[in-house]
Amino acid sequence: MDEAPTITSKIRHSLDSEPVKFVLKVLVIYIIWYLIYEMWLLPDGSLDAWVAVNIVDTTAGILQMFNYDVYTAGRVIGVGEAPGILLVDGCTGISAIGLFIGFIIAYPGRWIPRISFIVIGIGVIYLVNLVRIATLAITQVYWPELFDFTHDYSTTAIFYMVIFVLWIVWANIGDAKETDSE
């Protein structure tokens, strides 16, 4: 006589599926990252401050290459006579980098290529953030009425789409069939 599967066995079977394992790993990694960031890095402020000033200075250099009259003051970047924009902690991309790293660590693959891809991905995210900040600074000059929309929706959406595309790339090249022994 066959017994009907119990709810517990169905749940256990569901938790053994690869997509569920992946989602659970991402959640655990992101929660750990969030706690580290919110309880230690953000209150300390030195990492965010360093990254923000670095982004401001690098973005200023890029805009100056395109003959924009740029000014900076710490975390503020502006173009011409327009009001500058302030890079607050959420604009540094640090939390997004944490999310990206969580996706890559949670997805199967060998460790040496994974670490290389994480380094490349951080570089890509950083470059996208530079373009994002430059776009916002230019928007502040020519279309200030669109600044909030550009900040809240378009540049942020592009920023997270890049992270998603990076994860898709890793999912295709991460060699999930190999063990994590390397």
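What you see as residue numbers is a count from 1 along each chain, following the sequence as written. The predicted origin of the model limits local features to residues at a pLDDT of at least 70 and limits the giving and counting of side-chain atom pairs to 80 or more, whereas totals for whole chains, interfaces and linings rest on all residues. Where side-chain values are given, they derive from all heavy atoms of the structure, hydrogens and water being excluded.

Draft legend 1. Spotlight on the overall build of the protein. Helix and strand labels come from DSSP, where a helix needs a run of H or I of at least four residues and a strand needs a run of E of at least two; each type is numbered from the N terminus. Counting its regular elements, the protein contains 6 helices and 3 strands. For the protein, the succession of helices and strands along the chain, N to C, is α-α-α-β-β-β-α-α-α. The proportion of buried residues among the 182 residues of the protein is 32%. Sequence-distant contacts in the protein: of pairs separated by 6 or more residues, those separated by 24 or more amount to 61%. Only the protein chains shown count as covering a residue, and every accessible area follows the Shrake-Rupley method with a 1.4 Å probe. Accessible surface computed for the protein: about 11100 Å², of which carbon and sulfur atoms make up 68%. Relative accessibility decides the category of a residue: with a 1.4 Å probe and only protein chains considered, values under 20% of the type maximum give buried, values over 50% give exposed, and everything between is partly exposed. By definition in these notes, contact holds between two residues if any of their heavy atoms fall within 4.5 Å.

Draft legend 2. The arrangement of the nonpolar core in detail. Buried Ala, Val, Leu, Ile, Met, Phe, Trp, Tyr and Cys residues that are joined via side-chain atoms within 4.5 Å together make up what is termed a nonpolar core. One finds Ile-55, Leu-63, Ile-77, Ile-85, Leu-87 and Ile-133 to be the most contacted residues of the largest nonpolar core, which totals 23 residues. Residue assignment for this core shows that the elements contributing at least two residues are helix H2 (18-44), helix H3 (46-65), strand S2 (76-79) and helix H5 (111-142). If we skip the residues at most four places from it in the chain, Leu-63 touches Tyr-68, Val-70, Ile-77, Val-79, Ala-134, Ala-137 and Ile-138. Counting 17 residues, the second-largest nonpolar core is a separate cluster that includes Phe-22, Val-26, Ile-97 and Val-128.

Draft legend 3. Highlighting the sheet that holds S2. DSSP calls a pair of strands paired once it identifies at least 2 bridges connecting them. Read from one edge of the open sheet, 3 strands run S1-S2-S3, paired in antiparallel fashion. Whereas interior strands pair on both sides, the edge strands pair on one side only; in this sheet they are strand S1 (70-73) and strand S3 (85-86). Here S2 runs beside S3; their pairing, made up of 2 bridges, is antiparallel. Note on S3: the bridge partner recorded for Ile-77 is Ile-85.

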